[in-house]
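Single-letter residue listing:
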2 protein chains.
Amino acid sequence: MARTTGSRAAITGPLVRRAALQLFARHGYAAVSMRQIAAAVGVQAGALYAYTPDKQALLAGLLVEHMEDLLSAWGDGPDAPPMDRLEAFVRFHIAYSLDHADSVFLSYMELRNLNPENHAAIAALRGRYEDALTAILREGAAAGVMRLADARLTTMALIAMLTGVTNWFREGGRLDRQAVADHYWGLVRGAVGAG
Amino acid sequence: MARTTGSRAAITGPLVRRAALQLFARHGYAAVSMRQIAAAVGVQAGALYAYTPDKQALLAGLLVEHMEDLLSAWGDGPDAPPMDRLEAFVRFHIAYSLDHADSVFLSYMELRNLNPENHAAIAALRGRYEDALTAILREGAAAGVMRLADARLTTMALIAMLTGVTNWFREGGRLDRQAVADHYWGLVRGAVGAG
DNA sequence: GTCTATAACGCGATAGAC
DNA sequence: GTCTATCGCGTTATAGAC
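Quick caveat, the model's predicted, so the values are computed rather than measured.

What counts, and where the lines are drawn
Residues numbered from 1 in each chain as written. Chains lettered and ligands numbered in written order. Predicted model: local features only at pLDDT ≥ 70, side-chain atom pairs only at ≥ 80, totals over all residues. Heavy atoms only, no water. Contact = heavy atoms within 4.5 Å. Buried area = accessible area lost by both parts, 1.4 Å probe. Salt bridge = Lys/Arg side-chain N within 4 Å of Asp/Glu carboxyl O. Polar contact = N/O pair within 3.5 Å; in protein donor to acceptor, adjacent residues only side chain to side chain. Helix = DSSP H or I, 4+ residues; strand = E, 2+ residues; numbered from the N terminus. Nonpolar A, V, L, I, M, F, W, Y, C, P; charged D, E, K, R; others polar. Phe/Tyr/Trp six-rings, centres within 6.5 Å; stacked < 30°, edge-to-face > 60°. Buried < 20%, exposed > 50% of the residue type's maximum accessible area, 1.4 Å probe, protein only. Near = heavy atom within 4 Å. Core = buried A, V, L, I, M, F, W, Y, C linked by side-chain atoms within 4.5 Å. Least-squares fit on C-alpha atoms with pLDDT ≥ 70 in both. Expected span 1.5 Å × (residues − 1).

## Some details on the interface of chain A and chain B
- On the side of chain B, 33 residues touch chain A, which itself brings 33 residues to the contact.
- Here chain A meets chain B over a buried area of about 2600 Å², counting both sides, of which 67% is carbon and sulfur.
- Looking only at chain A, the three residues that lose the most surface to chain B are Arg112(A), Leu153(A) and Leu187(A), adding up to 24% of its buried area.
- Note that Arg174(B) and Asp150(A) form a salt bridge whose closest N and O atoms lie 2.7 Å from each other.
- Inspection of the chain A/chain B interface yields four residue pairs in polar contact (both at pLDDT 80 or more).
- Elements supplying a minimum of two residues to the side of chain A that touches chain B: α1 (9-27), α5 (101-109), α7 (151-163), α8 (165-168) and α9 (177-191) of chain A.
- When residues of the side of chain A that touches chain B are assigned to their parent elements, the largest contribution, seven residues, is made by α7(A).
- Residue classes in the side of chain A that touches chain B are distributed as 19 nonpolar, eight polar and six charged.

Here it is, written out as structure tokens:
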């Protein structure tokens, strides 16, 4: 068994990523310096380069990690009726977005700071997530329980609507999470012609 | 009549703002240097300070200008029936967002780079725009032609959905602007219970 | 694995000539 | 109004000690 006493790599690594995520989301990738990240973790700037080859790889790693976590968290039940699956998707997407607001915001805002390869990788992962909703919508339309003019457009529209909850929702505000999710589900149900 | 021959202030000023808007939208405020903006305009960096006291005032000016233009472009017809006004809002918002994609993106992404006073000014202008939609929804609900659980939540949800069109719409793609607007209007109609 | 020190460069902003 | 030149500082990234 390897001796790790005295080494803090196992905890410093995640700390670096957590600090970078928070700072990037709050101030923007370009506005955050490696020194700020290091200070948040409690190490010197040079030490960060033991955990990432450079600043952009740090960002790309955060976004890949986020998309993979999102995809694995969405556990669809492919045998359930389409309306049940749609409701589950709506409630899942809202809850996940609110629980991971920093990651969600970052993965919408900082795509432009990725090089082409990293950008393509993230876009592909996002496409798989969108496909999950599109599949539900197509099944619902085929089963006659939803009325859709265009499944792909509806996918993009609904995801934008649901993700937008992060722009205004505040814990302890007029509506709690349950009420917000209920209201969004009502809007979605109407939008897919199942009001 | 003042002599202006030899002075290019009248054209350089707008050029500076146009270049800054494009670069800020493309790369992010923090990632763009005054030297880059100057190069895009064709002057030296120092010359920019004849048009703005500093970099942040340049950003704030762009955002105020955008919100004021948006508000004045939305010419509501308060006497029309609520469903007609809602349809007009949907089509206006989509068209305006696609026509001013850089400004729209910037005013969502770079609020955090404003100081508190500038931030409050922009938020107030945005609130007035949101109020316009909320008013339409409340009238529709009162008239019994819309069914809404919560007018303010619906406002935020619909604006996020409509603005999201800028994330995926591409000129010359599968759907043209007219088709996109028609489909979004169908979604909105269903969402407000008037499907 | 983390430190100090530093290389190499770009930044926002200003001063003063024209 | 625009230029050149410059100040003072911050940046990413690396080198080498421990």
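## Some points on the packing of aromatic side chains
- For the coordinates displayed, the defined rule picks out 14 aromatic pairs over all chains.
- Between Trp74(A) and Phe89(A), the aromatic rings sit 5.2 Å apart at their centres with planes inclined by 80°, giving edge-to-face as the arrangement. Separated by 15 residues along the polypeptide, Trp74(A) in the loop between α3 (55-73) and α4 (82-99) and Phe89(A) in helix α4 bring together distant segments of the chain. Accessibility assignment for this pair places Trp74(A) and Phe89(A) in one class, buried.
- Between Phe92(B) and Tyr96(B), the ring centres sit 5.6 Å apart and the planes meet at 35°, which makes this aromatic pair tilted. Residue Phe92(B) and its partner Tyr96(B) are both found in helix α4 (residues 82-99); the two are separated by four residues, about one turn of the helix. The same class applies to Phe92(B) and to Tyr96(B), which are both buried.
- Grouped by ring-pair contacts, the aromatic residues Trp74(A), Phe89(A), Phe92(A), Tyr96(A) and Tyr129(A) constitute a single cluster.

## Focus on the pattern of salt bridges
- Across all of its chains, the model carries 22 salt bridges over all chains by this definition.
- As a salt-bridge pair, Arg112(B) and Glu110(A) come within 3.6 Å of each other at their nearest N and O atoms. Here the residue Arg112(B) occupies a position in the loop between α5 (101-109) and α6 (116-142), and Glu110(A) occupies one in the loop between α5 and α6 (116-143), the pair thus bridging two chains.
- Salt-bridge contacts for Glu87(B) lead to Arg91(B); the nearest nitrogen and oxygen are separated by 3.0 Å. Note that Glu87(B) and Arg91(B) are positioned in helix α4 at a spacing of four residues, about one turn of the helix.
- Residue class for Arg91(B) comes out partly exposed when judged on its relative accessible area of 26%.

## Here's the deal with the protein's contact with DNA strand D
- Looking at DNA strand D, there are 15 residues lining it, with Met34(A), Arg35(A), Tyr49(A), Gln44(B) and Tyr51(B) nearest.
- Lys55(A) places a polar main-chain atom, nitrogen or oxygen, 3.1 Å from a phosphate oxygen of DNA strand D.
- A distance of 3.0 Å separates a phosphate oxygen of DNA strand D from a polar atom in the side chain of Thr12(B).
- Counting residues per element, the ones that place at least two in the surface near DNA strand D are α2 (34-41) of chain A together with α1 (9-27) of chain B.
- Class assignment for the residues of the surface near DNA strand D results in seven nonpolar, five polar and three charged.

## Brief notes about the nonpolar core
- In terms of nonpolar packing, the biggest core is built from 122 residues, with Phe24(A), Ile37(A), Tyr184(A), Phe24(B), Ile37(B) and Tyr184(B) touching the most fellow members.
- Not counting residues up to four positions away in its chain, the partners in contact with Ile37(A) are Val16(A), Ala19(A), Ala20(A), Leu23(A), Phe24(A), Val32(A), Leu48(A) and Leu58(A).

## Let's talk about the relation of the copies chain A and chain B
- Of the transformation superimposing chain A on chain B, the axial component is 0.0 Å and the angular component is 180°, with the fit at an RMSD of 0.1 Å. Here the two chains are linked by the operation of a two-fold rotation axis.
- Comparing interface residues between copies, 100% of those in chain A also sit at the interface in chain B, which points to an isologous, same-surface contact.

## Some remarks on α9(A)
- Between its first and last C-alpha, α9(A) extends 21 Å over 15 residues, near the 21 Å set by a 1.5 Å rise per residue.
- For α9(A), the full list of buried residues reads Val180(A), Ala181(A), Tyr184(A), Trp185(A), Leu187(A), Val188(A), Gly190(A) and Ala191(A).
- For α9(A), the elements touching its buried residues are α4, α7 and α8 of chain A together with α7 (151-163) and α9 (177-191) of chain B.
- Two residues or fewer after α9(A) comes Gly193(A), characterised by a positive phi angle close to 75°.

## Here we look at the protein's contact with DNA strand C
- Around DNA strand C lies a shell of 16 residues, among which Thr12(A), Gln44(A), Tyr51(A), Met34(B) and Tyr49(B) are the nearest.
- Taking all atoms of DNA strand C within 4 Å of the protein, the share assigned to sugar and phosphate is 74%.
- Note that a base nitrogen of DNA strand C is positioned 2.9 Å from one of the side-chain N or O atoms of Arg35(B).
- In the model, a phosphate oxygen of DNA strand C is placed 2.8 Å from a nitrogen or oxygen of the Tyr49(B) side chain.
- Mapped by element, the contributors of at least two residues to the surface near DNA strand C are α1 of chain A together with α2 (34-41) of chain B.
- Looking at the surface near DNA strand C residue by residue, the classes come out as seven nonpolar, five polar and four charged.

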